[in-house]
Amino acid sequence: MEWITAENVIALGTAVLGVLVSVGVVWLDRFSPQRKRLGYRVQLNTPLHREENQDSEVMTVREGEVVGMAAPANGSTLVLLRIENDRDLDISSDDYGASTDPHGLRITFGDRTVQGVVATVPAGWVSVRDDLERSPKLGRNGSAVLVPKVALERGQYFKLLVQLSGGVADRDIKVDGSLHGGAIRRNRSTTPDDKTARFSPTARTVTIVLTACVVALAAIIVREQTPPPVGCARGTLTVTGSTAFAPAVREVAEKYERDCEGSTVIVDVHGSTAGIRELAEAGAKKAKGSPAVVALSDGRKPGGYPELRESMVAVSLFTLVLNDGIPVDDLTQEQIRGLYRGEITNWNQLVPGLDRPVLLVSRDANSGTRQVFQRRVLNRNEPANSSQDCVTRDDPEAKVIRCELDSTAQVLATVARLPGAIGYAELRASDGRKGLHKVAVDGRRPVVDEIGTSGYPYREIEYAYTWGRPPADSLTASFLTYLGRGSGQDVILTHGHLPCATPKGLRVCGDG
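Let me sum up the structure you'll find in this document.

With respect to the element layout, K159 can be found in strand β9 (residues 157–164). On the accessibility criterion, K159 (13% relative accessible area) is buried. A polar contact is formed between the side chain of K159 and the side chain of Q43, at a distance of 3.2 Å.

Here it is as structure tokens:
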């Protein structure tokens, strides 16, 4: 049968166990013949010290007192015992076990000699006081206190204040005796006299067992009812394109693989333009349907690829970075354009007294980061490449040294290494890098929470492209949903991007 699964069997067994325990404990509590119980607890165990002018004997007369106390000697100890009826049925004097000793209880204190004992009874419990005073009375014999057969109604108790010849550990205090239809047991609770225990042993047992059963059932139900992330799919998917967006996508891919068993997402990026070309080639080779390839691009794809279908994923921020040897942290757009037009060739034109040639460190033509920089900041293309190693001027007619590198990491490392160098990168990629700093544009800095309101220009929408519309049950469609609207949103935010599917992201992405 379909319902016979490991989870259902465990759930049913847990429920049955909870019911059986509840019924069993109630039966034991209400119908078990052994319901009488005499309890005792140690409420005080403290040493005594005799003062020099203290009398040789001490005798205090109180209601319920039956035996006097000797004058304390140095090394003596006072122990306060509480003897109580801690069950529902009354205990009569006839319930104590038959013994040659006419007393009901014998309390011993290891090898310590009992020097005196006093019994106290709350006011109004006349019968308890009478039983303590009736022959054979409360007494002592060596290391033992002899207690009469005291009848105790439900909730009644009396106390014994015992003076010993020396210190005694609580564990060495023993109460011997027997009770017909019940037992004599030590109670560990330190409940004050005027308060009853909040939970009885029975209530505690039932509560603990039922709580464990409920937790187990809840765990099973939660595991069974929590659906996998939006439409998990199996197979292999390749994500290519933007290197700026790659760190966020790699983390989303790892998370998707953990959440969706049987899926493999390969992130292999070489730049936005290169990714668009790779997707187009894969689509052209596939005779029918959409290949399992997603191309991410910083901004919209170039023209000439009508088969590609776009989805807006997030808004990314980029920043200019400058070698720490140049004390500039804010440039106007006009100054930036002057640097890349070759009009500003030395930093002393912006920082008087600083003789340092300008070095432009750029990305290659496939880079979406470069394309966004040209489109959003320069409003034109960058000048031609004039150096292969970013140090030597290969074109003697070039006004400044300009080199192109394949990745954001290479750009950042080069800017940090070479004095006078300026470059650009995705915002979070430069975090924690030594030797360089971020540069504001027209006094505006890249802040994710201010996207769309600050006017910071160096930003762009990240697009995801597929060859046509992938099937709804495909890994491509599932991953894109996960990336843009599923758990991937949290990852995108932590990497400094604004997901387009959020309320603010919808407005910013809608404005383009």
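Here the focus is the sheet that holds β9. Within the open sheet, the five strands sit side by side as β6-β9-β4-β1-β11. Their pairing is mixed. Edge positions in the sheet fall to β6 (114–120) and β11 (182–186), since each of these pairs with one other strand and no more. Geometrically, the sheet is characterised by an average inter-axis angle of 20 degrees between neighbouring strands, direction not taken into account.

Glancing now at the sheet that holds strand β7 (residues 139–141). Sheet architecture is open: four strands sit in the order β7-β8-β5-β10, paired in antiparallel fashion. Strands at the two margins of the open sheet, each flanked by one partner only, are β7 and β10 (173–176). Each neighbouring strand pair of the sheet contributes to a mean axis angle of 25 degrees, computed without reference to strand direction. Bridge count for β7 against strand β8 (residues 144–147) is three bridges, and the pairing is antiparallel.

What follows covers a negative patch on the surface. On the surface, D389, D394, D395 and E397 cluster together to form a negatively charged patch. Mapped onto the elements, E397 comes out in the loop between α7 (368–378) and β18 (401–405).

On to the nonpolar core, then. By size, the foremost hydrophobic cluster in this structure holds 47 residues, and its most contacted members are I336, Y340, F373, I422 and Y458. By size, the runner-up hydrophobic cluster in this structure holds 31 residues, among which are L81, I91, V114 and L160.

About the thresholds
Residues numbered from 1 in each chain as written. Predicted model: local features only at pLDDT ≥ 70, side-chain atom pairs only at ≥ 80, totals over all residues. Heavy atoms only, no water. Helix = DSSP H or I, 4+ residues; strand = E, 2+ residues; numbered from the N terminus. Buried < 20%, exposed > 50% of the residue type's maximum accessible area, 1.4 Å probe, protein only. Polar contact = N/O pair within 3.5 Å; in protein donor to acceptor, adjacent residues only side chain to side chain. Pairing = 2+ DSSP bridges. Axes fitted to C-alpha atoms, helices over the stretch in contact; angles between N-to-C directions. Patch = residues over 30% accessible without salt bridge, like charges linked within 9 Å, V, L, I, M, F, W, Y side chains within 5 Å. Areas by Shrake-Rupley, 256 points an atom, 1.4 Å probe, with all protein chains shown as cover. Salt bridge = Lys/Arg side-chain N within 4 Å of Asp/Glu carboxyl O. Lys, Arg positive; Asp, Glu negative; His and termini not counted. Charge placed at Lys NZ, Arg CZ, Asp CG, Glu CD. Core = buried A, V, L, I, M, F, W, Y, C linked by side-chain atoms within 4.5 Å.

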